[in-house]
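Report on the structure
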Amino acid sequence: MSELTTAKIPVTVLTGYLGAGKTTLLNRILSENHGKKYAVIVNEFGEIGIDNDLIIGADEEVFEMNNGCICCTVRGDLVRILGGLMKRKGKFDAIIVETTGLADPAPVAQTFFVDEDVQNAARLDAVVTVADAKWLSERLKDAPEAKNQIAFADVIVLNKTDLVSKAELAEVEARIRAINPYAKLHRTERCQVALADVLERGAFDLDRILELEPQFLEAGDDHDHDHHDHDHHHHDHGHDHNHGGLKHYHDEDMQSLALKSDKPVDPKKFMPWLQQLIAAEGGKILRSKGILSFSGDDDRYVFQGVHMMLEGDHQRAWKDGEARQSRLVFIGRDLPEQVIRDGFEQCIAA
Ligand SMILES: Nc1nc2c(ncn2[C@@H]2O[C@H](COP(=O)(O)OP(=O)(O)OP(=O)(O)O)[C@@H](O)[C@H]2O)c(=O)[nH]1
């Protein structure tokens, strides 16, 4: 039997807070000339899948898990997708799981130790956390997920170094080191890091994780977590809940608002509206992204925002037979939902 069919498949869990650069890193990995076959599992916050369309790597198989957080409601899906992939062992060299920016990596990592079928066929190679040099310090104050993502990392990609001064970079690095002195840290712009620094690291250190989370190996029988029954509409504090003994924190204030239009959008109205919205509400809107079909334009337009910072560009031509639908997602706290809906409505071409 070949190496591939006997060895356990390495799995890299890619995490990091909203907008830190996970998809940017994934695209770097996939577009490098690595000669390997990766299966990619993407989990998104919000019911419209956009990330899937932003991943480039034509040869890869991408599995989407939307409408739920990988560490809670869709963890059962993760086990099922992994199970399906394991049956096709030998077809893949490695698996990469990109979690939502709001996921706690602990229960995701735990899947590789407490689920027997997964454990027999796959091994967690490393938790790779992308950290946003510009925003991480702020998020460490108000988002417990951001802290857990750093604490659990075996490799940290400290990204967006172009957006901060040397002193700010040293400051954020010190904050990271106070939480996790062990992870290998790479400072990057646009996640430019050598493939070998993030994949096939053999870096996941169970002993260290057991020190952080003594109950890490305690299996639960609650993969689907139906009984958790979150109420995402109530505006209250985040809460803890259990994953087979593992405490797990969630930010229940975080909302996602998805908008769609099958009619073309007027770019002359849309661009000023979006800029004004992000400038006015960027404190509440942590993350925004969208794929737009503009009137009279045969190319898809993609925009991405992290707080007030906005980027946009044409991505590729709409394909023959592809529905020219515009899709937008806004993620944040206290989103001015009606203002956003009404504003977008005004941008639809007459
Ligand atoms: N200035 C700057 N922008 C960056 C850098 N890396 C990524 N970005 C931009 O930051 C935005 C978010 O990047 P993504 O890779 O989509 O982030 P993400 O972590 O996948 O986002 P979510 O999956 O939505 O949480 C995009 O507009 C990127 O182009 C960087 O080093 N510097």
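Residues numbered from 1 in each chain as written. Predicted model: local features only at pLDDT ≥ 70, side-chain atom pairs only at ≥ 80, totals over all residues. Heavy atoms only, no water.

1. A short note on the pairing of strand 2 (residues 38–43)
As a reminder of what qualifies: Classification of residues uses two cut-offs on accessible area relative to the type maximum, computed with a 1.4 Å probe and protein chains only: under 20% is buried, over 50% is exposed, and between them is partly exposed. Secondary structure elements are defined from DSSP: runs of H or I of at least 4 residues count as helices, runs of E of at least 2 residues count as strands, and each element is numbered from the N terminus.
With respect to burial, strand 2 is a largely interior element, six of its six residues being buried. The two faces of strand 2 match: Y38, V40 and V42 on one face and A39, I41 and N43 on the other face are all buried.

2. Comments concerning the pattern of salt bridges
Our working rule: When a carboxyl oxygen of Asp or Glu is within 4 Å of a side-chain nitrogen of Lys or Arg, the pair counts as a salt bridge.
The final tally for this structure, using the stated rule, is 14 salt bridges. One salt bridge connects D142 with R139, and the closest N-O pair in it is separated by 3.0 Å. Pair noted here: D142 and R139 are both in helix 7 (residues 136–142), with a separation of three residues, about one helical turn. The exposure class of R139 is buried, given its relative accessible area of 9%. Residue R316 is joined to E322 by a salt bridge in which the shortest nitrogen-to-oxygen separation is 3.0 Å. One connected set of salt bridges, linked through shared partners, spans R139, D142 and R333.

3. Describing the packing of aromatic side chains
Spelled out, the test is: Pairs were defined over the aromatic rings of Phe, Tyr and Trp, the Trp ring being its six-membered one, requiring ring centres within 6.5 Å. Orientation was assigned from the angle between planes: stacked under 30 degrees, edge-to-face over 60, tilted for the rest. For a ring to carry a charge above it, either NZ of a lysine or CZ of an arginine must fall within 6 Å of the ring centroid while also lying within 35 degrees of the normal to the ring plane.
Enumeration according to the criterion identifies eight aromatic pairs in this entry. Relative to F344, the ring of W273 lies with its centre 6.2 Å away and its plane at 40°, an arrangement referred to as tilted. Of the two residues, W273 is situated in helix 12 (residues 267–281) and F344 in helix 13 (residues 337–346); the sequence distance between them amounts to 71 residues. On the accessibility criterion, W273 (12% relative accessible area) is buried. Since its relative accessible area comes to 3%, F344 is described here as buried. Through pairs of rings, three or more aromatic residues link up here, namely F270, W273, F294, Y301, F303, F330 and F344. Seen from the ring of W135, K134 lies directly overhead, with NZ or CZ sitting 5.5 Å from the centre. Sitting over the ring of W318, R300 keeps its end group 5.3 Å from the ring centre.

4. Structural notes on the side chain of R287
Rule in force here: Contacts are residue-level and defined by heavy atoms, with any inter-residue pair within 4.5 Å sufficient.
Secondary-structure assignment places R287 in strand 11 (residues 285–292). According to the relative accessible area criterion, R287 is buried, its value standing at 10%. For R287, the contacting residues outside a window of four places in its chain are L18, G19, Q304, G305, V306, V329, F330 and I331.

5. Topic: the domain arrangement of the protein
Where interface size is quoted, it is often the accessible area lost as the parts come together. As a reminder of what qualifies: For the purposes of this description, domain bounds are those given by an automatic or database domain assignment. Once two parts are brought into contact, the accessible area they lose, counted with a 1.4 Å probe and summed over both, makes up the buried area. Whenever a nitrogen or oxygen atom comes within 3.5 Å of another N or O atom, the pair is scored as a polar contact, on the condition that within protein one atom can donate a hydrogen and the other can accept it, and that pairs from neighbouring residues in sequence are kept only if both atoms are in side chains.
Domains assigned within the protein are domain 1 (9–205) and domain 2 (214–219 + 252–347). Taken together, the 30 residues of domain 1 in the interface contact 29 residues of domain 2. Carbon and sulfur atoms make up 67% of the surface buried where domain 1 meets domain 2, a total of about 2,300 Å² over both sides. Taken together, the links from domain 1 to domain 2 amount to two salt bridges. For E311, the salt bridge goes to R190, with nearest N and O atoms at 2.8 Å. Linking domain 1 with domain 2 are two residue pairs in polar contact (both at pLDDT 80 or more), by the criterion used here.

6. Remarks on helix 13
Spelled out, the test is: This arc is built from the directions going out from the helix axis to the C-beta atoms.
Where helix 13 is concerned, the buried positions are I340, G343 and F344. In a view along the axis of helix 13, the buried residues occupy a sector of 95°, so they form one face of it. Facing away from the buried side of helix 13 by over 90 degrees, the exposed positions are E345 and Q346. Turning to helix 13, the residues buried within the fold contact strand 10 (254–261), helix 12, strand 11 and strand 14 (326–333).

7. Here we look at the nonpolar core
For the record, the criterion: Among the buried residues, those of types Ala, Val, Leu, Ile, Met, Phe, Trp, Tyr and Cys that are joined through side-chain atoms within 4.5 Å form a nonpolar core.
Judged by nonpolar contacts, the single largest core of 27 residues is most densely connected at I41, L82, I95 and F112. For this core, the secondary-structure elements that each account for two or more residues are strand 1 (9–15), strand 2, helix 4 (75–87), strand 4 (94–98), helix 5 (105–114), helix 6 (116–121) and strand 5 (122–132). No other element matches the six residues that helix 4 contributes to this core. Look past the residues within four positions of L82 in its chain and what remains in contact with it is I41, I95, F112 and V118. The next biggest cluster of nonpolar side chains, apart from the first, holds 24 residues, and it includes L18, A143, L158 and L286.

8. Considerations on the sheet that holds strand 14
Stated formally: DSSP calls a pair of strands paired once it identifies at least 2 bridges connecting them. Only C-alpha atoms enter the line fits that serve as axes; for helices the fit covers just the stretch in contact. Angles between N-to-C directions range over 0 to 180 degrees.
Taking strand neighbours across the sheet as the criterion, the five strands line up as 10-14-11-12-13 in an open arrangement whose pairing is antiparallel. A single partner strand is all that each edge strand has here, and the edge strands are strand 10 and strand 13 (309–317). Mean inter-strand twist for the sheet, computed between neighbouring axes without regard to direction, equals 10°. Sheet topology places strand 11 next to strand 12 (residues 299–306); six bridges connect them, and they run antiparallel. In the strand pairing of strand 12, G290 is matched with F303. Across the sheet, helix 13 touches strand 10, strand 11 and strand 14, and the angle it forms with strand 10 is around 15°.

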